[in-house]
Amino acid sequence: MKYLTEIEIVTHCVADLDREVNAWQSCLGYKLMERGKLGDDLCAAWDTPADAGRDYALLQPPSGITTIRFVAAPDREGYWPPVTWGWNATEILVQDPDRLAQDLEGSPFTRFGGPADLYMAPKAPRAIQTYAPSGAMVYFTRLLPNGSRYGLHGAKTPVDRIFNVVLGGPSLAALGDFYTSLGLRVGPPIPFTMTLAAQACNAPPETTFPICVAPVRARRSILELDEYPNNTEPRRREAGCLPGGMSMVGFATPSLADFPVKLRAAPVRIDAAPYNGRQVAVAEGPAGEWLELIAD
C-alpha cells in the first residue's frame, strides 16, 4: 500500500513572520491564505503543546497547489550551516530561473548557487539556490517538457508550487528502507556533488554525496534522500515544540487507521484550513524528520 500520496504542506519556523510573508508575496507572487494563532487541537495532533498560540501564516502559489506555512519561532530559525539531519531544502518550480535570479537581486532572498543546469543533458533541469529571509534553503527549478527523469511537469506560472523536499541523514539505507515501507519506490543511489553541503560538513568541495529519489505523486512531486558524512548531528529540538528551521512536511495519506509507523499522538480532526475537516497526526522518520500526515 502507498501510504504517502502527495506533498501538501511544508512548515518552517521563522524569526520574523511579517518579513517572511511580505517577501514571499512581493518577490515570488505567493498569496496569503490565512494568518492566525496555532490552536490547541492542531498542537495536540502534532504533540507540540508549547507551540499553542504561536502566530502563523499560510501561503500558496497562484496555482493553489501545495501550501507553505510559517510559524513565528525566533529561537528555532537557524539550522544550516552546520548541517543537521532532517528536512533541509524546499524546491519550487519556476519558468525562468535566470530571470528570477535577476529579479531577486537586492531582495531578502540571497542567491548562493546558479543559475545552472543540474547535470549535462540537452533538457536538464536548470535551477538557482537561495536562502530565504529566514535562512532556510529554497531552490527554484525549471523543468522543460520531457526534461525530467521522473516525468514531472513544469511550472504553470513564473513561480509555482513545491515539487520536491530534501531530507538528509546519516544512513541512506535507513532512509530508503523507511520510505519503502511507506509504499514509495526509492531509486538507486546516485553520487551527486553538492558544494554547499560539503562546506557545511567541513568536507572537500568535490565531495560526492549519495542521494536517492522517490516519486511521491506521478508527474507532480518527488522526495530527495541525501546521506551526510558521519560528522553531522541530529537537529536539536525542545520538548513540546516543532523542530527548528524546515520543521516538517505534510503528506496526504489514505488513512491513519493502519499507518505502519508509530504516531507521536492520537489523530485529531482539524476544521481549519488547509485541513478542512481531515484528520491530522505526526510520525517521525529515521533522521528525526517529522511527517505531518493528513488523512484523505
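Below: a short report on this structure. (Residues numbered from 1 in each chain as written. Predicted model: local features only at pLDDT ≥ 70, side-chain atom pairs only at ≥ 80, totals over all residues. Heavy atoms only, no water.)

1. Examining the pattern of salt bridges
In step 1: Overall, the coordinates contain 13 salt bridges when judged by the stated rule.
In step 2: A salt bridge links R35 to D18, with the nearest nitrogen and oxygen atoms 2.9 Å apart. Within this pair, whereas R35 is found in strand β2 (residues 31-37), its partner D18 is found in helix α1 (residues 17-28), the two being separated by 17 residues in sequence.
In step 3: Classification of R35 by relative accessible area gives partly exposed; the value is 42%.
In step 4: Given a relative accessible area of 41%, D18 falls into the partly exposed group.
In step 5: Note that D103 is salt-bridged to R99, the shortest N-O span being 3.2 Å. Highlighted residues: D103 and R99, both in helix α3 (residues 97-103), separated by four residues, approximately one helical turn.
In step 6: Connected through salt bridges with shared partners, the residues E6, R217 and R220 form a single ionic network. (Salt bridge = Lys/Arg side-chain N within 4 Å of Asp/Glu carboxyl O. Helix = DSSP H or I, 4+ residues; strand = E, 2+ residues; numbered from the N terminus. Buried < 20%, exposed > 50% of the residue type's maximum accessible area, 1.4 Å probe, protein only.)

2. With respect to unusual backbone geometry
In step 1: A cis amide bond links G114 with the next residue in sequence, P115, at an omega value of 5°.
In step 2: The topology assignment puts P115 in strand β6 (residues 110-117).
In step 3: The linkage connecting A273 with the following residue, P274, adopts the cis geometry, with an omega of 5°.
In step 4: Of note, D47 is a non-glycine position whose phi angle comes to about 65°, a positive value.

3. Examining the environment of F112
In step 1: Structurally, the position occupied by F112 is in strand β6.
In step 2: Under the relative-accessibility criterion, F112 is labelled partly exposed at 30%.
In step 3: Sequence separation of F112 and V14 is 98 residues, and the distance between their C-alpha atoms is 20 Å.
In step 4: Apart from the residues lying within four places of it in its own chain, the contact partners of F112 are Q129, T130, Y131, M137, Y139 and L196. (Contact = heavy atoms within 4.5 Å.)

4. Section: the pairing of strand β12 (residues 221-227)
In step 1: Where burial is concerned, most of β12 is hidden: six out of the seven residues are buried.
In step 2: Pairing geometry for strand β9 (residues 159-169) and β12, over six bridges, is parallel. By the bridge assignment for β12, V166 is matched with E224.
In step 3: The pairing of strand β11 (residues 208-217) with β12 spans six bridges and is classified as antiparallel. Across the sheet, C212 pairs through a bridge with L225, a residue of β12.
In step 4: Here β11 hands over to β12 after three residues, with R219 in that stretch at a positive phi of 65°. (Pairing = 2+ DSSP bridges.)

5. Let's talk about the sheet that holds strand β3 (residues 55-60)
In step 1: An order of β2-β3-β4-β1-β13-β16-β15-β14 is seen for the eight strands of this open sheet, with the pairing classed as mixed. Single-partner strands in this sheet number two, and they are β2 and β14 (268-270). Between one strand axis and the next, the sheet turns by 25° as a mean value, whatever way the strands run.
In step 2: One ladder, built from six bridges, connects strand β1 (residues 6-14) with strand β13 (residues 246-253); its direction is antiparallel. Bridging from a neighbouring strand, V10 pairs with V249 of β13. (Axes fitted to C-alpha atoms, helices over the stretch in contact; angles between N-to-C directions.)

6. As for the side chain of T66
In step 1: Residue placement: T66 occurs in the loop between β3 and β4 (67-72).
In step 2: You can call T66 buried: its relative accessible area is 10%.
In step 3: Side-chain polar atoms of T66 contact the backbone nitrogen of I162, separated by 3.2 Å.
In step 4: In this structure T66 touches I7, E8, L59, Q60, P61, R161 and I162, once residues within four positions along its chain are discounted. (Polar contact = N/O pair within 3.5 Å; in protein donor to acceptor, adjacent residues only side chain to side chain.)

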